[in-house]
Amino acid sequence: MANISENPKPARITFLDGRGELPMLEITTAWSTAEIYLHGAHVTNFKKCDEAPLLFLSQCSRFESAHPIRGGIPVIFPWFGPREGMGMHGFARVKPWELKEVLPAADGSMSVRFQLPDSPEAGAYPEFAADYVVTVNEGLTLELIVTNKSSDAKLEFEECLHTYFAVEDISAASIVGLKGVSYLDKVANFEKKTEANDAIRISSEVDRVYLDTTAAVEIRDARMGRVIRVEKEHSASTVVWNPWVAKSQEMPDFGNDEYHKMVCVESGNVSANKVVLAPGKTSCMKVKLHSAAG
Ligand code: BG6
């Protein structure tokens, strides 16, 4: 990692009551700070010392155990989108994950490992374990590790790290890395299309599920002068979402004008890219976020 001596200051972790009195961890490294709620194992903040926050967090977000946090990185699992008779985007984002390990490393990084607790909703699936490892250093690395613990049944699920990135103004931002990729256009009744643009610009509601793409994506924010790079492993889908005007007004936990300040670029395995795990097998989706002036 750049710009820090060979002996960086060791990372620190502090346990706090966060907003809504929900338990939260604050991690400070030589390069950055991060905040993670146990509710949803939800990273709500990552900020490099010399940069604006990487993640958008809505001023209207609820911090209540029954609701997901609006912004940061919701962990979407074990399904993506609506499901009849069930909540949107799975139950992992509204469960109180257990902190299992705190792993400071000699290079000044800090990793924390969470585990999804057992719940009645999980009973609808073959037995499984879901762990989430967050590593904080100059960037942020996220690993969602799912093991099928059943001896005879396959485990099928969708997963998505629904990352809300902060931008200075969406009108000056572009998303690069998806040209030629097929996507389902959710604002056009799931019509299948192919991305024609080198740089995607957003000037209306965008809700697209790009399939069969493992490519890194960049969010180029010309107004802020920052490039965010999203690299991923074992993730075949990328979702791009901005609610724009009408949808923003419909959401009780999102400010009417906040769509200017964010874009979701979500790494996952959803829809036709859902994961099917044989008994005893483990999958690990890994996402690395880095930012630099640009
Ligand atoms: C995106 C979906 O991933 O999440 C959108 O593609 C959805 O369709 C958005 O509106 C937000 O979902 P929620 O449940 O957090 O309001």
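Placed above this text is the structure.
Residues numbered from 1 in each chain as written. Predicted model: local features only at pLDDT ≥ 70, side-chain atom pairs only at ≥ 80, totals over all residues. Heavy atoms only, no water.

Q: For the overall build of the protein chain, give the residues involved together with the corresponding values.
A: Counting its secondary structure elements, the protein chain contains one helix and 23 strands. For 294 residues, the compact-globule estimate of 2.2 N^0.38 gives 19 Å, and the protein chain sits close to it at 18 Å. By its C-alpha atoms, the protein chain is 50 × 40 × 35 Å across when sized along the principal axes. Within the protein chain, buried positions represent 55% of all 294 residues. Considering only contacts in the protein chain between residues 6 or more positions apart, those separated by 24 or more positions represent 63%. Just so you have it, the protein chain exposes about 12800 Å², and 48% of that area is on carbon and sulfur atoms. (Helix = DSSP H or I, 4+ residues; strand = E, 2+ residues; numbered from the N terminus. Rg over C-alpha atoms; globule rule 2.2 N^0.38 Å. Buried < 20%, exposed > 50% of the residue type's maximum accessible area, 1.4 Å probe, protein only. Contact = heavy atoms within 4.5 Å. Areas by Shrake-Rupley, 256 points an atom, 1.4 Å probe, with all protein chains shown as cover.)

Q: So, the pairing of strand S15 (residues 191-194): which residues are in play, and what are the values?
A: Relative to S15, strand S14 (residues 182-185) is paired through four bridges, and the arrangement is antiparallel. Following the sheet pairing, Asp 185 is matched in S15 by Glu 191. In this antiparallel pair of consecutive strands, S14 and S15, the connection spans five residues, and Asn 189 shows a positive phi of 55 degrees. (Pairing = 2+ DSSP bridges.)

Q: So what about the environment of Glu 168? Which residues, and what values?
A: Tracing the backbone shows Glu 168 in the loop between strand S12 (164-166) and strand S13 (173-176). Residues Glu 168 and Gly 225, spaced 57 residues apart in sequence, show a C-alpha to C-alpha distance of 9.0 Å. Sequence-distant contacts of Glu 168, defined by excluding residues within four places in its chain, comprise Asp 221, Arg 223, Met 224, His 260 and Lys 261.

Q: Can you explain unusual backbone geometry? Please cite residues and give values.
A: Cis geometry is adopted by the peptide bond preceding Pro 78, which originates at Phe 77 and carries an omega value of 0 degrees. Within the fold, Pro 78 resides in the loop between strand S5 (75-76) and strand S6 (98-104). In this structure, Ala 41 takes a positive phi of about 45 degrees despite not being glycine. Position of Ala 41 among the secondary structure elements: in the loop between strand S3 (32-37) and strand S4 (42-48).

Q: How would you explain the sheet that holds strand S16 (residues 199-200) if you had to name every residue and give the values?
A: Through backbone hydrogen bonds, the strands of a sheet pair up, either in parallel or in antiparallel fashion. Strand order across the open sheet formed by nine strands is S6-S7-S8-S9-S23-S19-S18-S13-S16, with antiparallel pairing between neighbours. The sheet is open, and its two borders are formed by S6 and S16, each paired with just one other strand.

Q: Outline the site of the ligand, listing residues and values.
A: In the vicinity of the ligand, the residues found are Arg 70, Phe 80, Met 88, His 89, Arg 93, His 162, Lys 186, Asp 207, Val 239, Trp 241, Lys 247 and Glu 266. Considered on its own, the ligand offers 390 Å² of accessible surface; in the complex 90% of this is hidden by protein. (Near = heavy atom within 4 Å.)

Q: Can you lay out the side chain of Ser 235 for me, pointing to particular residues and giving the numbers?
A: With respect to the helices, strands and loops of the structure, Ser 235 is situated in the loop between strand S19 (226-233) and strand S20 (237-242). Taking relative accessible area as the criterion, Ser 235 reaches 1% and is therefore assigned buried. Polar side-chain contacts of Ser 235 include one of 3.3 Å to the backbone oxygen of Ser 237. Apart from the residues lying within four places of it in its own chain, the contact partners of Ser 235 are Thr 213, Thr 214, Ser 267, Gly 268, Asn 269 and Met 285. (Polar contact = N/O pair within 3.5 Å; in protein donor to acceptor, adjacent residues only side chain to side chain.)

Q: Report on the packing of aromatic side chains, specifying residues and quantitative values.
A: Applying the stated criterion across every chain, the model contains 11 aromatic pairs. Here the aromatic rings of Phe 56 and Tyr 164 are separated by 6.2 Å at their centres, their planes lie at 25 degrees, and the arrangement is stacked. Separated by 108 residues along the polypeptide, Phe 56 in the loop between S4 and S5 and Tyr 164 in strand S12 bring together distant segments of the chain. Phe 56 gets classed as buried once you look at its relative accessible area, which sits at 6%. Residue Tyr 164 is classed as buried on the basis of its relative accessible area of 2%. Judged by centre distance (6.2 Å) and plane angle (80 degrees), the rings of Tyr 125 and Phe 128 are edge-to-face. With relative accessibility at 15%, the residue Tyr 125 sits in the buried group. (Phe/Tyr/Trp six-rings, centres within 6.5 Å; stacked < 30°, edge-to-face > 60°.)

Q: Lay out the sheet that holds S4 with the relevant residues and their values.
A: The strand order across the open sheet built from four strands is S1-S2-S3-S4, with neighbouring strands paired in antiparallel fashion. Each edge of the open sheet is held by one strand with a lone partner, namely strand S1 (12-17) and S4. Between one strand and the next, the sheet's axes are offset by a mean angle of 15 degrees, whatever the strand orientation. Here S3 pairs with S4 via six bridges, running antiparallel. Among the inter-strand pairings, Ser 32 is bridged to a residue of S4, identified as Lys 48. (Axes fitted to C-alpha atoms, helices over the stretch in contact; angles between N-to-C directions.)

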